[in-house]
Amino acid sequence: MVSMKEIAAMCHVSVATVSKALNNHTDISAETRAMIQKKADELGYVPNPAARALKTQTTYNIGVLFYDEAHTGLTHEFFASILEAVKETAEISGYDITFISHFVGGKRMSYAEHSRYRRVDGVVIVCANFEDPEVIQLVRCGLPVVTIDYTFDNCSAVMSDNVRGMRDVVRQAYACGHRRIAFLHGAQSSVTGARMASFYRTCEELGLLVPEENILECDYHDTDLAEELTRSLLARRSRPTCIIYPDDVTAISGISTIRDMGFRVPDDVSVVGYDGIAFGQSIHPKLTTLKQDVVTMGSAAARDLIDQIEHPKSAIKKITTVPGMLIEGGTLAKISASV
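Because the structure is predicted, anything quoted here is derived from the model rather than measured.

K.L.:
Before we go on, may I ask you to explain the overall build of the protein chain in this structure?
P.N.:
Secondary structure summary: the protein chain contains 12 helices and 14 strands in total. In terms of principal-axis extent, the alpha carbons of the protein chain reach across some 85 × 45 × 35 Å. Taking all 339 residues of the protein chain together, 48% fall into the buried category. For the protein chain, the accessible area works out to roughly 17000 Å², and carbon and sulfur atoms hold 52% of it. Both charge centroids of the protein chain, one from 34 positive and one from 42 negative side chains, sit 5 Å from each other.

Written out as structure tokens, the structure is:
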């Protein structure tokens, strides 16, 4: 393996100059920096991680906490896409990622203990039960932490704009003439709370009265419950003309159920999803949905965490809100507003 000392000898400069060039310091000329970087690339130079960690007191390792109570794992497209964005952004900055869990070699540890054991420089909490005492302990253990779609005091967070997203969904359904709207919302969480409040407020702004029996709880990705609730809604005498689902997976399940009951989508019943997963745009007709910008969310979380790691005194804890985008597919029909 080529060392900085060897690069320095070949370039006729000091080891300190090589170090500055490879770390993009500005107190050497651009020409010298380019010359040294070119020679390092030609020789296949790779930084020594142990030496780098010893010098900077960082391991260049980011912890990722991903615990999904529904046990969908990395098959959950929304979270998988966020994780990929975190990974790509971290790698560009020279960091690796390590998943934080409760177990190491069969021994149980708290999330904070595992983070210290792996010597991670900080943690991105992508998905977890944020009311879990061990998650709260991790947030307060002194490591830099960034959460996604949840806020703690004095902790950076990246949030999807669920308020604006749900407002856009309701307004689009209303603009298409729908007045008998049903809303299946997820289990209680900060995300669900924001969407529900936005749903009620938008309905108030539009003068739209939605019966409470049309607002039902359906766990995210629970296709069985989505089917059951869809059947109950469509069995009513005054069935809804539009059903808003908590996510695209349950929306696709709802479409299947609606058709199984002999109704047409969107001619008889319109469907709107949430998330914007790729599969929703592969069905016919394409799903009308609110696409969350998961790439920006994951990248923003990684950048924020790295800023805290590399600038511990000047990094500002902040809430980053990322807007989504309404995708007008073919599952939301335009109807007479009197229907």
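Once the structure has been displayed, the description carries forward.
K.L.:
So what exactly am I meant to see when it comes to the nonpolar core here?
P.N.:
Counting 26 residues, the largest nonpolar core has Ile-62, Ile-82 and Val-126 as its most contacted members. Within the residue set of this core, elements represented by two or more residues are β1 (61-66), α5 (77-92), β5 (122-127), β6 (145-148) and α12 (294-310). Broken down by element, this core gets its largest block of residues, 8 residues, from α12. Once residues within four sequence positions are removed from consideration, Ile-82 is found in contact with Val-126, Ile-148, Val-294, Met-297 and Gly-298.

K.L.:
Teacher, can you tell me more about the packing of aromatic side chains here?
P.N.:
In this description, a pair of aromatic rings is defined by centroid distance and the angle of the planes. Summed over the entire model, instances satisfying the criterion amount to 8 aromatic pairs. When the centroid spacing of 5.1 Å and the interplanar angle of 50 degrees are considered together, the rings of Tyr-60 and Tyr-95 count as tilted. With Tyr-60 in the loop between α4 (49-56) and β1 and Tyr-95 in the loop between α5 and β2 (96-100), the pair connects residues that are 35 residues apart, well separated along the chain. When its relative accessible area of 12% is taken as the criterion, Tyr-60 is described as buried. Here Phe-78 and Phe-79 contribute two aromatic rings whose centre-to-centre distance is 5.0 Å and whose plane-to-plane angle is 75 degrees, an arrangement assigned as edge-to-face. Among the aromatic side chains, those forming a connected cluster through ring pairs are Phe-66, Phe-78 and Phe-79.

K.L.:
Mind showing me how you'd approach the state of the cysteines here?
P.N.:
Defined simply, a disulfide is a covalent bond joining two cysteines at their sulfur atoms. Per the counting criterion, the structure on display carries 0 disulfides. Cysteine Cys-203 is unpaired, with the sulfur of Cys-242 as its nearest cysteine sulfur at 11 Å. Under the relative-accessibility criterion, Cys-203 is labelled buried at 5%.

K.L.:
Any chance you could explain the packing of helix α10 (residues 223-234) against helix α11 (residues 248-260) here in plain terms?
P.N.:
The angle between the axes and the distance between the axes are what describe a pair of packed helices. The geometry of α10 relative to α11 is characterised by a closest axis approach of 8 Å and an angle of 45 degrees between their N-to-C directions. Taken together, α10 and α11 sit at an angle that is classed as oblique. For the crossing formed where α10 meets α11, the hand is right-handed. On α11, the residues that touch Thr-223, Ala-226, Glu-227, Thr-230, Arg-231 and Leu-234 of α10 are Val-249, Thr-250, Ser-253, Gly-254, Thr-257, Ile-258 and Asp-260.

K.L.:
In this structure, what is going on with the sheet that holds β6? I would like to understand it.
P.N.:
Two pairing modes exist for strands in a sheet, parallel and antiparallel, and in both the strands are linked by backbone hydrogen bonds. Pairing is parallel across the open sheet formed by 6 strands, whose spatial order is β2-β1-β5-β6-β7-β13. The strands lining the two open edges of the sheet, one partner per strand, are β2 and β13 (319-322). Across the sheet, the mean angle separating the axes of adjacent strands is 20 degrees when strand polarity is ignored. When strand β7 (residues 156-160) meets β13, the two strands line up parallel, connected through 4 bridges. When the bridges of β13 are listed, Met-159 appears paired with Thr-321.

K.L.:
Which parts of the structure should I look at to understand the sheet that holds strand β14 (residues 325-327)?
P.N.:
If you trace the 6 strands from one edge of the open sheet to the other, you get β9-β8-β10-β11-β12-β14, paired in mixed fashion. The open sheet has two edge strands with one neighbour each: β9 (215-217) and β14. This sheet shows a mean twist of 20 degrees between the axes of neighbouring strands, independent of strand direction. Two elements, strand β11 (residues 270-275) and strand β12 (residues 288-291), share 4 bridges in a ladder whose sense is parallel. Among the inter-strand pairings, Asp-275 is bridged to a residue of β12, identified as Lys-291.

K.L.:
Explain unusual backbone geometry to me, please; I cannot follow it from the model alone.
P.N.:
What you tend to see is this: most non-glycine residues have negative phi, and most peptide bonds are trans. The amide bond that connects Val-265 to the next residue, Pro-266, takes the cis arrangement and shows omega of 10 degrees. Look at the link from His-284 to Pro-285: it is a cis peptide, with omega at -10 degrees. Structurally, the position occupied by Pro-285 is in the loop between β11 and β12. Backbone geometry at Tyr-60 places phi at a positive 55 degrees, although glycine is not the residue there. Its identity as a non-glycine residue notwithstanding, Asp-149 has a phi of 60 degrees, on the positive side. For Asp-149, the position within the fold is in the loop between β6 and β7.

K.L.:
Teacher, can you tell me more about α11 here?
P.N.:
Quick reminder: α-helices carry 3.6 residues per turn. Residues three or four places apart thus point the same way. The first and last C-alpha atoms of α11 sit 18 Å apart over 13 residues, in line with the 18 Å expected at 1.5 Å per residue. For α11, the secondary structure elements touched by its buried residues are α10, β11 and β12. At the N-terminal boundary of α11, the capping side chain belongs to Asp-247, with an oxygen 3.0 Å from the backbone nitrogen of Val-249. Positive backbone phi, approximately 95 degrees, marks Gly-262, located one or two places after α11.

K.L.:
Can you walk me through α10 in this structure?
P.N.:
Over its 12 residues, α10 extends 16 Å from the first C-alpha to the last, a length consistent with the 16 Å expected when each residue adds 1.5 Å. Restricting attention to buried positions, one finds in α10 the residues Ala-226, Leu-229, Thr-230, Leu-233 and Leu-234. Along α10, the residues classed as buried sweep out an arc of 130 degrees about the axis, all on the same side. Seen from the open side of α10, the exposed residues pointing more than 90 degrees away from its buried face are Asp-224 and Glu-228. Looking at the buried positions of α10, the neighbouring elements they touch are β8 (181-185), β9, β10 (242-244) and α11. If you check the start of α10, you find a side-chain oxygen 3.4 Å away from the backbone N of Asp-224, and it comes from Asp-222.

The rules behind each value
- Residues numbered from 1 in each chain as written.
- Predicted model: local features only at pLDDT ≥ 70, side-chain atom pairs only at ≥ 80, totals over all residues.
- Heavy atoms only, no water.
- Helix = DSSP H or I, 4+ residues; strand = E, 2+ residues; numbered from the N terminus.
- Buried < 20%, exposed > 50% of the residue type's maximum accessible area, 1.4 Å probe, protein only.
- Areas by Shrake-Rupley, 256 points an atom, 1.4 Å probe, with all protein chains shown as cover.
- Lys, Arg positive; Asp, Glu negative; His and termini not counted.
- Charge placed at Lys NZ, Arg CZ, Asp CG, Glu CD.
- Core = buried A, V, L, I, M, F, W, Y, C linked by side-chain atoms within 4.5 Å.
- Contact = heavy atoms within 4.5 Å.
- Phe/Tyr/Trp six-rings, centres within 6.5 Å; stacked < 30°, edge-to-face > 60°.
- Disulfide = S-S within 2.5 Å.
- Axes fitted to C-alpha atoms, helices over the stretch in contact; angles between N-to-C directions.
- Parallel < 35°, antiparallel > 145°, perpendicular 65-115°, else oblique.
- Left-handed = near helix turned anticlockwise from the far one by under 90°.
- Pairing = 2+ DSSP bridges.
- Expected span 1.5 Å × (residues − 1).
- Polar contact = N/O pair within 3.5 Å; in protein donor to acceptor, adjacent residues only side chain to side chain.
- Arc of directions from axis to C-beta.

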